[in-house]
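# Architecture at a glance
Read off the chains here:
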Amino acid sequence: MDGIHDMGGFHGFGRVDTTNETTFANDAQRRIFAINMLSVMQGVYNIDKTRYYMENVDPSDYLNTPYWERWLGMVERLYREAGITADSDQSEIPGARRIPGDKLWDGFRSLRIPEPPPLPAPIYSVGESVRMRRDSVPTHTRLPRFLRGRVGRIEDYKGIFRFADAYASDRPENQHVYSVRFTGDEIWGSGCEENTSVQIEIYEPYISERVAHEN
């Protein structure tokens, strides 16, 4: 989807300030993170859906809402969609397990996504130059806007993974994934810094075609 969250390559937002960064500034932020972790572990929603719901907000709200408040708003919306609210008949997660706070992180890290089933052989091969799709999808996607229509070179084949675009809409689907390198001038033109490149994991449906030359 075309949203304000996809800010890569935009002008006017200044440099990213990384000074004095902390993971959590206060206990409220820790709690929001823990609630989201527990919700994924208990199956209220999947991790790909969280990104879609954080992205799918009014642009002015996105820019003016602090980071962790966007997380909280996402959790609230997903719980409402699941019908789990304080004033409803269903105020608890069905079949939820109680997990002690000191075991939460270990439990989250131990989660394992099942091995995906086999797919037909990948369409593309390492070393080929490929063009990304130009079109926008109305829902979640991991293809950055600045790569639409751009040509890159496949550097590696990563295997079969769950397709985040589909899982964000509750459609289980798996796809081949490639690691593709794009030169800076292909993305931003001749004015970019020398020897700049971006390498990113690309789902197979993001590729529109092979090209006969490497940019």
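Described in the following lines is the structure provided in the data block. (Residues numbered from 1 in each chain as written. Predicted model: local features only at pLDDT ≥ 70, side-chain atom pairs only at ≥ 80, totals over all residues. Heavy atoms only, no water.)

### Things to note about unusual backbone geometry
Excluding glycine, most residues fall at negative phi; most peptide bonds, likewise, are trans. For the record, the criterion: Here a strand is any run of E in DSSP of at least two residues, a helix any run of H or I of at least four, and the numbering for each starts at the N terminus. Note on classification: 1.4 Å probe, protein chains only; a residue is buried when its accessible area is under 20% of the maximum for its type, exposed when over 50%, partly exposed between these limits.
Notably, Asp 170 is not glycine yet its phi reads approximately 60 degrees, a positive angle. Positionally, Asp 170 belongs in the loop between α6 (164-167) and β3 (174-183). A positive phi angle, near 60 degrees, is found at Asn 195, a position not held by glycine. Of note, Asn 195 is situated in the loop between α7 (184-188) and β4 (197-203). Judged by its relative accessible area of 80%, Asn 195 falls in the exposed class.

### Some points on helix α1 (residues 27-41)
Stated precisely, the cut-off is as follows: By this rule, a helix spans an expected 1.5 Å times one less than how many residues it contains. Any N or O atom pair separated by 3.5 Å or less is treated as a polar contact, with the protein-specific requirement of one donor-capable and one acceptor-capable atom, and with residues adjacent in sequence counted only for side-chain atom pairs.
If you check α1, its first and last C-alpha atoms are 21 Å apart, about what 15 residues at 1.5 Å a residue would give, namely 21 Å. Considered for burial, the residues of α1 that qualify are Gln 29, Ile 32, Ala 34, Asn 36, Met 37, Ser 39, Val 40 and Met 41. For α1, the capping residue at the N-terminal end is Asn 26, with a side-chain oxygen 3.1 Å from the backbone nitrogen of Ala 28. Just past α1, the residue Gly 43 takes up positive phi, approximately 80 degrees.

### As for the sheet that holds strand β1 (residues 129-132)
This is how it is decided: Pairing between strands is defined by DSSP: at least two bridges between the two strands are required. The axes are straight lines fitted to the C-alpha atoms, using for helices just the contacting stretch, and the angles between their N-to-C directions are given from 0 to 180°.
Here 5 strands make up an open sheet; going across it, the order is β4-β3-β2-β1-β5 and the pairing antiparallel. Single-partner strands in this sheet number two, and they are β4 and β5 (207-211). Averaged over all pairs of adjacent strands, the angle between their axes in this sheet comes to 35 degrees, without regard to strand direction. Sheet topology places β1 next to β5; 4 bridges connect them, and they run antiparallel. Note that in β5 the partner of Val 130 across the bridge is Arg 210.

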